[in-house]
Amino acid sequence: MLKQLLARKTDFSNDDSVHGPGLRRTLGPWGITALGIGAVIGTGIFVVTGTAAAEHAGPAVLLSFVIAAIVSGFSALCYAEFATLIPISGSSYSYAYASLGELAAWFIGWNMVAEYGISASAVAASWTGYFTSLLDNMGVHLPTALTQAPLAFTDGHLVTTGSLFNLPAVAIVLALTWLCYIGIRESSGLNALMVLVKVGLIVIVVVAGYRYVNPANWHPFIPAPQGDGKYGWSGVMRGAAMVFFAYIGFEATSTAAQECKNPQRDLPFGILVSLVICTVLYLAMAAVLTGLVPYTVLDTSEPVVTAVAAHPQLGWLRLIVEIGAMIGLSSVILVMIIAQPRIFMIMARDGMLPRMFAKVHPRYRTPHINTLFTGAMIALLAAIFPLDLLANLTSMGTLIAFSAVCGGVLILRHTMPDLPRTFRVPWVWFTCLAGVGSCLALLLSLDWFNWAILAAWTAIGFCIYFMYGRRHSLLRHPPAQTTNP
């Protein structure tokens, strides 16, 4: 029994003809990089930065971003090596299947549902705030019943708000789902355009805002501790765990492996370059925000608008910020809707999910059933649940996946040392162990409620695995012996 659960997959044939129509290979290195930036730059800059500074790290939120970037950097190097070894769309799920075994692969894959699907719902919920603010400035006011979730999370309990559902969040998710349905070329093209626009707008905000920075707002750089996780070094670490949410997405590029023209070359480039670009933009924006206003006032749903509005000379920036935030958040949702269906597709091809999830549209060459299912579930979650509740699972699921990938590189270096690797993790023992250790350190800085949600989510996932996935796994039951579910 245990041996079966730990069985590893070693045949990662890239022959799509076995499974019907294949995905269309249209992405080059900069297309992959744009996917990474599109997935990363969004909620981190426009929402999370303010909360992390006001509630946990103060101006030292810059250190929080650096720590989160280092943790992500260790993982990015490991993702880059795996991407050259296993150039298919399964990302962490496939990497865990090759190194840690089937049960671990399912656990990682199930947590990736939280990472991509649930985080997209959280981003869609935050998109509504900037959208309604833009409409308010234009004199158009949507009723609260259609712009807020009907449920709120207060004092550890779900309560009703009296609202119907979050209409703008549903609308943006469904619009982007349609785009992902009709093709990766159209989706990635729009994403590249949105990335260019939002990076340009961020640069404008940083350059214009820096002129009005008051260095006194950066002192004390690390505020005196006021309790566990509130300021001091414990606050910096708690802030790092929070802003780690801002880095989620660079690894989503690996889910497009089967749509790369040259995955062994393009994936490492896209993963590492997108992470570097995003880190520089994050640090620049965090420095300007905490310099424009005291960090204590940044705990709002629109911290960038809050900082800009405090300086009348920057009033012209407000419209740019709102448009930039909407574009930035839209591109995050888009990439997550691209990524999640491809995870489902690979899991279905392994027999872990029903075969219907393995189908590719004969004309558009996209996993169309998965895309519709993913879009519908993201829209449903964004419609009825609040942002804070949706975000609880995301960072934890990602940290666990990153830990598995870092450990998996070491395992494969030992068990399959002769595999050709076009990219190799430098200082492999240090990098991999530091990656695992830093991910665990951030996990331990999170509170008990996050762990409780993770336990419940994991229990649901294991029920599905033992009731369906284990019985239909193609690793255990080769195709010739398996009937369609």
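See the structure shown above.
Values in this document were obtained by computation on a predicted structure and should not be read as measured data.

Attention now goes to the overall build of the protein. For the protein, the count of helices and strands is 17 helices and 2 strands. Considering the protein as a whole, with its 485 residues, one finds that 60% of them fall into the buried category. Of the accessible surface of the protein, which amounts to about 18500 Å², a share of 69% is contributed by carbon and sulfur atoms.

Another aspect to go through is the packing of aromatic side chains. Applying the stated criterion across every chain, the model contains 18 aromatic pairs. Measuring from ring centre to ring centre gives 4.6 Å for Trp 110 and Trp 457, while their planes differ by 20°; the resulting arrangement is stacked. Within this pair, whereas Trp 110 is found in helix 6 (residues 102–137), its partner Trp 457 is found in helix 17 (residues 448–472), the two being separated by 347 residues in sequence. Accessibility classification places Trp 110 together with Trp 457 in one group, the buried group.

Tyr 130 and Tyr 282 are the most contacted members of the largest nonpolar core, which has 144 residues in total. Looking at which element gives the most residues to this core, the answer is helix 12 (residues 317–349), with 20 residues. Setting aside chain neighbours within four positions, we find Tyr 130 in contact with Phe 46, Val 47, Ser 301, Glu 302, Pro 303, Val 304, Val 305, Val 321, Glu 322, Ala 325, Met 326 and Leu 329.

Next up on the list: unusual backbone geometry. Looking along the chain, the bond that leaves His 219 and enters Pro 220 is cis, with omega of -5°. Structurally, Pro 220 is set in the loop between helix 8 (184–210) and helix 9 (232–247). The phi angle at Tyr 231 is positive, at roughly 70°, despite the residue not being glycine. Along the chain, Tyr 231 falls in the loop between helix 8 and helix 9. Overall, Tyr 231 belongs to the buried group, its relative accessible area being 4%. Not every positive phi belongs to a glycine, and Trp 427 is a case in point at roughly 45°. Here Trp 427 shows up in the loop between helix 15 (394–415) and helix 16 (428–444). Residue Trp 427 is classed as exposed on the basis of its relative accessible area of 70%.

Here helix 4 (residues 61–85) crosses helix 15 at 55°, and the two axes come no closer than 9 Å. One element, helix 4, and the other, helix 15, form an angle in the oblique class. In the crossing of helix 4 with helix 15, the sense of the turn from one axis to the other is left-handed. Contacts between helix 4 and helix 15 pair Ser 72, Phe 74, Ser 75, Cys 78, Tyr 79, Glu 81, Phe 82 and Leu 85 from the former with Ala 401, Phe 402, Val 405, Cys 406, Gly 408, Val 409, Leu 412 and Arg 413 from the latter. For the contact of helix 4 with helix 15, the class distribution of residues is 11 nonpolar, 3 polar and 2 charged.

Calculation criteria
- Residues numbered from 1 in each chain as written.
- Predicted model: local features only at pLDDT ≥ 70, side-chain atom pairs only at ≥ 80, totals over all residues.
- Heavy atoms only, no water.
- Helix = DSSP H or I, 4+ residues; strand = E, 2+ residues; numbered from the N terminus.
- Buried < 20%, exposed > 50% of the residue type's maximum accessible area, 1.4 Å probe, protein only.
- Areas by Shrake-Rupley, 256 points an atom, 1.4 Å probe, with all protein chains shown as cover.
- Phe/Tyr/Trp six-rings, centres within 6.5 Å; stacked < 30°, edge-to-face > 60°.
- Core = buried A, V, L, I, M, F, W, Y, C linked by side-chain atoms within 4.5 Å.
- Contact = heavy atoms within 4.5 Å.
- Axes fitted to C-alpha atoms, helices over the stretch in contact; angles between N-to-C directions.
- Parallel < 35°, antiparallel > 145°, perpendicular 65-115°, else oblique.
- Left-handed = near helix turned anticlockwise from the far one by under 90°.
- Nonpolar A, V, L, I, M, F, W, Y, C, P; charged D, E, K, R; others polar.

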